[in-house]
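Results of the structural survey
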Amino acid sequence: DSGVTQTPKHLITATGQRVTLRCSPRSGDLSVYWYQQSLDQGLQFLIQYYNGEERAKGNILERFSAQQFPDLHSELNLSSLELGDSALYFCASSVGPGTRSTFQETQYFGPGTRLLVL
Amino acid sequence: AQKITQTQPGMFVQEKEAVTLDCTYDTSDPSYGLFWYKQPSSGEMIFLIYQGSYDQQNATEGRYSLNFQKARKSANLVISASQLGDSAMYFCAMREGNTGNQFYFGTGTSLTVIP
C-alpha cells in the first residue's frame, strides 16, 4: 500500500458525460501528479499540483481540468467524455515540488481509477 | 527523441533464474533520477528501485538491483531468483533536474515467470 488513495476504483459512463476522479496523497506529500494510461498511448503525464498551485502541465486535454484543495486532496475533472478517454487514471504524490533540488524524489502511485466510456 | 526506451516488449524467465530488463535513457541534464516500477495485472504501480545520476554505486533493493552504466546511458533492472509473483509489466522512468516535475516513462516490458 503506497498510502495514496484514489476513488472510485471503477467508473462506467457514457459519451458526453462528465466525471470527477479523486485523489488523496500520502501523508506529508505536497505534490500531486495525474497520469493517464491507455493501451495505445502508454503512461502519459497530465498535470501536477504543488501545495494547491498548478506546477506543470503535460498532455492534458482542454476538456480535462484539475485542482488541489487546501487539505491537499486533488480532483481530476473529465468532461464531454469520448470513447478514447477510456483509460486507467493514476494519481501519484511526492513530498516536494519537483525542482532541481528534489528531482530524486520518488513518486508513489495510487491504485488508479479505471474509466470506461461507452 | 524518446527520453526512455525499453526495447523488450515481452520477456520470459524460468522460476528461480535471474532476468535483466533493459532501459536506456536520453538526457543532457547532469542531474537526473532513474526509477523502476512494477505493474501487476491488478493495475497498481509499485515503486521498486531508484538510481541517482551522481550515485557511485549501483542501487539494490532486496532481489532487485540496477545495473547503471552512465556512459552508455543505460539503467537495466536485474531481478534475481525470479518468483511467480514477479510476473508483471515493468516500467523504467526518469526525472530530470531541470524539469523535475515530470516523470518520463518507457513503454514497459511484460515479464512472465515460468514455473
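As the structure is a computational prediction, the values presented were derived from the model and not from experiment.

Section: the pairing of strand β11 (residues 113-117) of chain A
Each regular strand displays side chains that alternate between the two surfaces of the sheet. All names here are of chain A. Only one face of β11 is buried: it carries T113, L115 and V117, and the other face, with R114 and L116, is open. Direction of pairing for strand β2 (residues 10-13) relative to β11: parallel, over a ladder of four bridges. Bridge pairing in β11 places L11 opposite L115. Pairing of strand β9 (residues 87-94) with β11 involves three bridges; the strand directions are antiparallel. Looking at β11, one finds that Y89 is bridged to T113.

What about the sheet that holds strand β3 (residues 19-24) of chain A?
Residue and element names in this part refer to chain A. Strand order in the open sheet formed by four strands is β1-β3-β8-β7, with antiparallel pairing between adjacent strands. A single partner strand is all that each edge strand has here, and the edge strands are β1 (5-7) and β7 (64-68). Averaged over neighbouring strand pairs, the angle between their axes works out to 15° when direction is ignored. Where β1 and β3 come together, three bridges link them in antiparallel fashion. Counted as the bridge partner of T7 is R22 from β3.

A look at the interface of chain B and chain A
Between chain B and chain A, the residue contacts involve 24 residues of the former and 25 residues of the latter. In this assembly, chain B packs against chain A so that about 1900 Å² is buried in total across both faces, 55% of it on carbon and sulfur atoms. Our enumeration of links across chain B and chain A arrives at zero salt bridges. Inspection of the region where chain B meets chain A yields three residue pairs in polar contact (both at pLDDT 80 or more). Within the residue set of the side of chain B that touches chain A, elements represented by two or more residues are β5 (32-39), β6 (46-52), β10 (88-96) and β11 (103-105) of chain B. The leading source of residues in the side of chain B that touches chain A is β5(B), at five residues.

Criteria and thresholds
Residues numbered from 1 in each chain as written. Chains lettered and ligands numbered in written order. Predicted model: local features only at pLDDT ≥ 70, side-chain atom pairs only at ≥ 80, totals over all residues. Heavy atoms only, no water. Buried < 20%, exposed > 50% of the residue type's maximum accessible area, 1.4 Å probe, protein only. Helix = DSSP H or I, 4+ residues; strand = E, 2+ residues; numbered from the N terminus. Pairing = 2+ DSSP bridges. Axes fitted to C-alpha atoms, helices over the stretch in contact; angles between N-to-C directions. Contact = heavy atoms within 4.5 Å. Buried area = accessible area lost by both parts, 1.4 Å probe. Salt bridge = Lys/Arg side-chain N within 4 Å of Asp/Glu carboxyl O. Polar contact = N/O pair within 3.5 Å; in protein donor to acceptor, adjacent residues only side chain to side chain.

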